[in-house]
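Read off the chains here:
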Amino acid sequence: MKLLTNAQKLLLLLRRQRSSKTTTVQAHDPSAGGQPALTSAQLDELERNVELRHHRNNVPLIRKLIEASVRGDRSVEQQLEEELGQLPNATHPRLLDYGDQPRELAQHVQREMPLKPKEFSELARALNLYRMDHLGNYTGHKSYYLTGHLATLEQAIIQYALQSVTKHGFKLISVPDILPKEVIESCGMRTEGERTQVYKLDTGECLSGTSEMALAGFFANKVLPEEELPLKVTAVSRCYRAETSGLQEEKGIYRVHQFTKVEMFAICTPAQSEAELEEFKNIEVDLFKQLGINFRLLDMPPCELGAPAYQKYDIEAWMPGRQMWGEISSCSNCTDYQAKRLAVKYRRASDGQVQHAHTINGTATAIPRLLIALLESYQKGDSVEIPTVLRPFMDGQEFIARSKRIPETKLVKFIKAA
């Protein structure tokens, strides 16, 4: 954590020097008695962390830019700031010997699987509740329609998740889907490059990949009283991802360009963040226990943390129609990675000092994949049983049968009139 703090000090120093238009640039922290903000040994350790997390190794370039900056070359400041901003968060010491594989912490088996399960797409089509084929001409690739009781089931899941998380003190916020790229990048997602998952608009703004970004941006440049922490909020939003996949196991609505998600987000003190992450994890586990699906809890290795997470738990549900485990939820402790980039701070009660906060995020429900797990697990012949906890949000309905009210769509050849 100290290494990233020093990197942030160097970033802050560069910004101050640019704003004050000083004539010389020194990669030093003035408050540290003239000592370099990042020593060679510290850069070695940063490089080991970058490699451990399988990120692009930009530390050799950072070394050269720091050397140029120390020599007084002001032309490198902007590039140095950009390269420092791409460094990933520190990694929890518990994860250092995990290698590239997650550790399974628990497996929850709650129901027997159907003997000959149908895959979601086959099942939903048979019930006339879903359409994904032949949409490219007018809604684009990886888009879908949910109809009839499947659309109602989506809304029931959202209401169930909101009811559950608000009982734990989360306050509901409605968030925008369009955000400045600076907010998205501050949260740890790149908006440039060939592998970016972000949709960029002509205005330069971006479509949000998760409401975590909008929730974090809501508290940007704020100083919160310590007495109000942890501050917990939740949001329902559409999430937009430019990612695609040709993998057979990720066909259908498993990986799509837009979907609905209920997100949990918290701002807390450094002393509270690990306990908050455990609370997020426990809330998610309880949500899926109540839904009665089979799932497992994973402690993720460094290479699966992305840029902002210090540690992360994933939850994977068993999808019997696909015969695979599929991720349906995760939660992460981002420590001060996002808070420093967005200037989210709190005033310490003991002495009034202003400190950077920590941020926690977690998925209460991500609709498409949870629908896959539910329909494939609860299928019974020509119908699907509705989990007990969702029935109050569907007027007490117990089963989903074939819908005849939504017209089926079929491809026909265009016949030219004589």
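Worth saying up front: this structure is predicted, and the values here are computed from it rather than measured.

**Some points on the pairing of strand 10 (residues 295–299)**
No. 1: The element strand 10 is largely enclosed, with a buried count of five among its five residues.
No. 2: The side-chain alternation of strand 10 yields two buried faces, one formed by Phe295, Leu297 and Asp299 and the other by Arg296 and Leu298.
No. 3: Pairing of strand 1 (residues 103–108) with strand 10 involves five bridges; the strand directions are antiparallel. Pairing of Glu104 across the sheet is with Leu298, part of strand 10.

**Side note on unusual backbone geometry**
No. 1: Residue Pro230 is bonded to the preceding Leu229 through a cis peptide linkage, with omega at 0°.
No. 2: Within the secondary structure layout, Pro230 lies in the loop between strand 7 (223–225) and strand 8 (231–240).
No. 3: Within the chain, Asn128 stands out as a residue other than glycine whose phi angle is a positive 60°.
No. 4: Here Asn128 is to be found in the loop between helix 5 (120–126) and strand 2 (130–131).
No. 5: Classification of Asn128 as buried rests on a relative accessible area of 10%.
No. 6: The backbone of Ala343 shows a phi angle near 60°, a positive value even though the residue is not glycine.
No. 7: By the secondary structure assignment, Ala343 is in the loop between helix 10 (337–342) and strand 13 (345–347).

**Some thoughts on the sheet that holds strand 13**
No. 1: Pairing within the open sheet is mixed, and its three strands lie in the order 7-13-14. Edge positions in the open sheet fall to strand 7 and strand 14 (354–356), since each of these has one partner strand only. For this sheet, the mean angle separating the axes of adjacent strands, direction not counted, is 35°.
No. 2: Judged from the three bridges that link them, strand 7 and strand 13 form a sheet pairing that is parallel. Opposite Val223, over in strand 13, you have Lys345 as the bridge partner.

**Notes on the packing of helix 6 (residues 148–166) against helix 11 (residues 367–378)**
Helix-helix packing: each pair is described by the crossing angle between the helix axes and the interaxial distance.
No. 1: Packing of helix 6 against helix 11 brings their axes to within 11 Å, and their N-to-C directions diverge by 110°. Put simply, helix 6 runs roughly perpendicular to helix 11. Here helix 6 runs over helix 11; the crossing is right-handed. Together, Leu150, Leu153, Glu154, Ile157 and Ile158 of helix 6 and Ile367, Leu370, Leu371, Leu374 and Leu375 of helix 11 make up the contact between the two elements.

**Observations concerning the confidence of the model for the protein chain**
No. 1: The pLDDT averaged across the protein chain works out to 88; a share of 85% of its residues lies at or above 70.
No. 2: Overall, residues 18–36 carries pLDDT values under 50, and its contacts beyond four positions in sequence, including any with other chains, amount to 38 contacts.

**Considering helix 3 (residues 59–70)**
No. 1: The terminal C-alpha atoms of helix 3, which comprises twelve residues, lie 16 Å apart, in line with the 16 Å expected from a rise of 1.5 Å per residue.
No. 2: Regarding helix 3, the residues found buried are Val59, Ile62, Arg63, Leu65, Ile66, Ala68 and Ser69.
No. 3: Immediately beyond the C-terminal end of helix 3, within one or two residues, lies Gly72, with a positive phi of roughly 100°.

**Looking at the pairing of strand 15 (residues 358–366)**
For a regular strand, side chains alternate in direction, first toward one face of the sheet and then toward the other.
No. 1: Counting buried positions along strand 15 gives nine out of nine residues, so the element sits mostly inside the fold.
No. 2: The sheet contact formed by strand 9 (residues 258–268) and strand 15 spans eight bridges and is antiparallel. Along strand 15, the bridge assignment pairs Ala266 with Ile360.
No. 3: Sheet topology note: the strand 12 (residues 324–333)/strand 15 ladder contains three bridges and is antiparallel. Directly across from Ser332, in strand 15, lies its bridge partner Asn361.

**Thoughts on the environment of Arg402**
No. 1: Along the chain, Arg402 falls in the segment after strand 18 (399–400).
No. 2: Taking the C-alpha atoms as reference points, Arg402 and Leu129, 273 residues apart in sequence, are found 7.7 Å from one another.
No. 3: For Arg402, the side chain forms a polar contact with the main-chain oxygen of Ala126, separated by 2.6 Å.

**Here's the deal with the packing of aromatic side chains**
No. 1: Following the criterion strictly, the structure yields five aromatic pairs and no others.
No. 2: Against the face of Tyr313 rests Lys281, its NZ or CZ located 5.0 Å from the ring centre.
No. 3: One residue, Arg341, lies across the ring of Tyr337, its end atom 3.7 Å from the ring centre.

**Side note on the sheet that holds strand 9**
No. 1: In spatial order, the strands read 1-10-11-12-15-9-8-4; together these eight strands make up an open sheet with mixed pairing. Looking along the sheet, the strands with just one partner apiece sit at the ends: strand 1 and strand 4 (171–172).
No. 2: Relative to strand 11 (residues 311–319), strand 10 is paired through five bridges, and the arrangement is antiparallel. Counterpart to Leu298 in the pairing with strand 11 is Asp314.
No. 3: Along the sheet, helix 8 (residues 211–218) makes contact with strand 8, strand 9 and strand 15, crossing strand 9 at roughly 35°.

**Structural notes on the nonpolar core**
No. 1: Of all hydrophobic cores here, the largest spans 61 residues; its most connected members are Phe120, Leu150, Leu153 and Ile293.
No. 2: For this core, the element with the highest residue contribution is helix 6, accounting for nine residues.
No. 3: Excluding its chain neighbours within four sequence positions, the residues that come into contact with Ile293 are His108, Gln110, Phe288, Ala317, Ile328, Leu370, Ala373, Leu374 and Tyr378.
No. 4: Counting 25 residues, the second largest nonpolar core, distinct from the first, contains Cys187, Cys206, Tyr346 and Ala357.

**Topic: the packing of helix 2 (residues 40–52) against helix 3**
No. 1: Packing of helix 2 against helix 3 brings their axes to within 10 Å, and their N-to-C directions diverge by 155°. Taken as axis vectors, helix 2 and helix 3 run roughly antiparallel relative to one another. Relative to helix 3, helix 2 is oriented so that their crossing is right-handed. Residue-level inspection shows Ser40, Leu43, Asp44, Leu46, Glu47 and Val50 of helix 2 in contact with helix 3, the latter providing Val59, Pro60, Ile62, Arg63 and Ile66.

Conventions and cut-offs
Residues numbered from 1 in each chain as written. Predicted model: local features only at pLDDT ≥ 70, side-chain atom pairs only at ≥ 80, totals over all residues. Heavy atoms only, no water. Buried < 20%, exposed > 50% of the residue type's maximum accessible area, 1.4 Å probe, protein only. Helix = DSSP H or I, 4+ residues; strand = E, 2+ residues; numbered from the N terminus. Pairing = 2+ DSSP bridges. Axes fitted to C-alpha atoms, helices over the stretch in contact; angles between N-to-C directions. Parallel < 35°, antiparallel > 145°, perpendicular 65-115°, else oblique. Left-handed = near helix turned anticlockwise from the far one by under 90°. Contact = heavy atoms within 4.5 Å. pLDDT = per-residue confidence, 0-100. Expected span 1.5 Å × (residues − 1). Polar contact = N/O pair within 3.5 Å; in protein donor to acceptor, adjacent residues only side chain to side chain. Phe/Tyr/Trp six-rings, centres within 6.5 Å; stacked < 30°, edge-to-face > 60°. Lys NZ or Arg CZ within 6 Å of the ring centre and 35° of its normal. Core = buried A, V, L, I, M, F, W, Y, C linked by side-chain atoms within 4.5 Å.

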